[in-house]
Amino acid sequence: MDSELDLVDITEVAEILGVGRSRADTISRYKGFPDPAVIKPRMRLWHRADVQTWVARNRPGWRDGESARPMYPRGDALSPVQSMRCPSLRREMSNQEAIL
C-alpha cells in the first residue's frame, strides 16, 4: 500500500501507542506529535509512518516492556493515592507506622 494513503484514525493511533483512545487523543495533541494529514470536524487522520516514527523516537523500548511496567502491579499493592482514599487502609497504615 502506498504510504501516502496509509492513514490511521485515533483508534489505530491508540493501538500503535499501546494506550487507550482517550490517552491517545491527549498524546496526539502534544507539541512534536505529527500533524494530522486530514482534519475534519469530528475526525483526524495521520500517516501511519509518521506515527510509528514518532513512537520509535519518543517511546523507545516500550514494546519490550521497559517503560510499560506498572509501578504498582495489580493485586500486589495499592498506590499511595489509592491507599489514602480508603479510610480503613489509612487507619491501618497509621497504626503500623506507630508500631515502628
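Worth saying up front: this structure is predicted, and the values here are computed from it rather than measured. (Residues numbered from 1 in each chain as written. Predicted model: local features only at pLDDT ≥ 70, side-chain atom pairs only at ≥ 80, totals over all residues. Heavy atoms only, no water.)

## Remarks on the overall build of the chain
Logical step 1: Scanning the chain from terminus to terminus reveals 5 helices and 3 strands.
Logical step 2: In sequence order, the chain lays out its α and β elements as β-α-α-β-β-α-α-α.
Logical step 3: A buried classification covers 23% of the 100 residues belonging to the chain.
Logical step 4: By sequence separation, contacts in the chain at least 24 residues apart represent 44% of the contacts at least 6 residues apart.
Logical step 5: As presented, the chain carries roughly 7800 Å² of accessible surface, and 51% of it is formed by carbon and sulfur atoms. (Helix = DSSP H or I, 4+ residues; strand = E, 2+ residues; numbered from the N terminus. Buried < 20%, exposed > 50% of the residue type's maximum accessible area, 1.4 Å probe, protein only. Contact = heavy atoms within 4.5 Å. Areas by Shrake-Rupley, 256 points an atom, 1.4 Å probe, with all protein chains shown as cover.)

## Describing the packing of helix H1 (residues 10-17) against helix H3 (residues 48-58)
Any two packed helices are characterised by the angle at which their axes cross and by the distance between the axes.
Logical step 1: With their axes 10 Å apart at the nearest point, H1 and H3 run at an angle of 30° to one another. Compared by their axis directions, H1 and H3 come out roughly parallel. Crossing of H1 over H3 shows right-handed handedness. Within the contact between the two elements, H1 uses Glu12, Val13, Ile16 and Leu17 and H3 uses Arg48, Val51, Gln52, Trp54 and Val55.
Logical step 2: Of the residues belonging to the contact of H1 with H3, the class tally is 6 nonpolar, 1 polar and 2 charged. (Axes fitted to C-alpha atoms, helices over the stretch in contact; angles between N-to-C directions. Parallel < 35°, antiparallel > 145°, perpendicular 65-115°, else oblique. Left-handed = near helix turned anticlockwise from the far one by under 90°. Nonpolar A, V, L, I, M, F, W, Y, C, P; charged D, E, K, R; others polar.)

## Some points on the packing of aromatic side chains
Logical step 1: In this structure the tally under the stated criterion is 2 aromatic pairs.
Logical step 2: Aromatic pair Phe33 and Trp46: ring centres 6.2 Å apart, planes at 85°, arrangement edge-to-face. Placement of Phe33 in the loop between helix H2 (21-28) and strand S2 (38-40) and of Trp46 in strand S3 (residues 43-47) is noted, with a sequence separation of 13 residues between them. The same class applies to Phe33 and to Trp46, which are both buried. (Phe/Tyr/Trp six-rings, centres within 6.5 Å; stacked < 30°, edge-to-face > 60°.)

## A short note on the nonpolar core
Logical step 1: Of all hydrophobic cores here, the largest spans 13 residues; its most connected members are Val13, Leu17, Phe33, Trp46 and Val51.
Logical step 2: For this core, the elements supplying multiple residues, two or more each, are H1, H2 and H3.
Logical step 3: Here the element with the most residues in this core is H1; it accounts for 5 residues.
Logical step 4: Those residues within four positions of Val51 in sequence are excluded, and the remaining contacts are Val8, Val13, Ile16, Phe33, Pro34 and Trp46. (Core = buried A, V, L, I, M, F, W, Y, C linked by side-chain atoms within 4.5 Å.)

## A few points about the pattern of salt bridges
Logical step 1: Summed over the entire model, instances satisfying the criterion amount to 4 salt bridges.
Logical step 2: Note that Asp6 is salt-bridged to Arg48, the shortest N-O span being 3.1 Å. Of this pair, Asp6 sits in the segment before strand S1 (7-8) while Arg48 sits in helix H3, and the two are 42 residues apart along the sequence.
Logical step 3: Overall, the relative accessible area of 23% leaves Arg48 in the partly exposed class.
Logical step 4: Linking Arg29 and Asp25 is a salt bridge whose minimum nitrogen-to-oxygen distance equals 3.2 Å. (Salt bridge = Lys/Arg side-chain N within 4 Å of Asp/Glu carboxyl O.)

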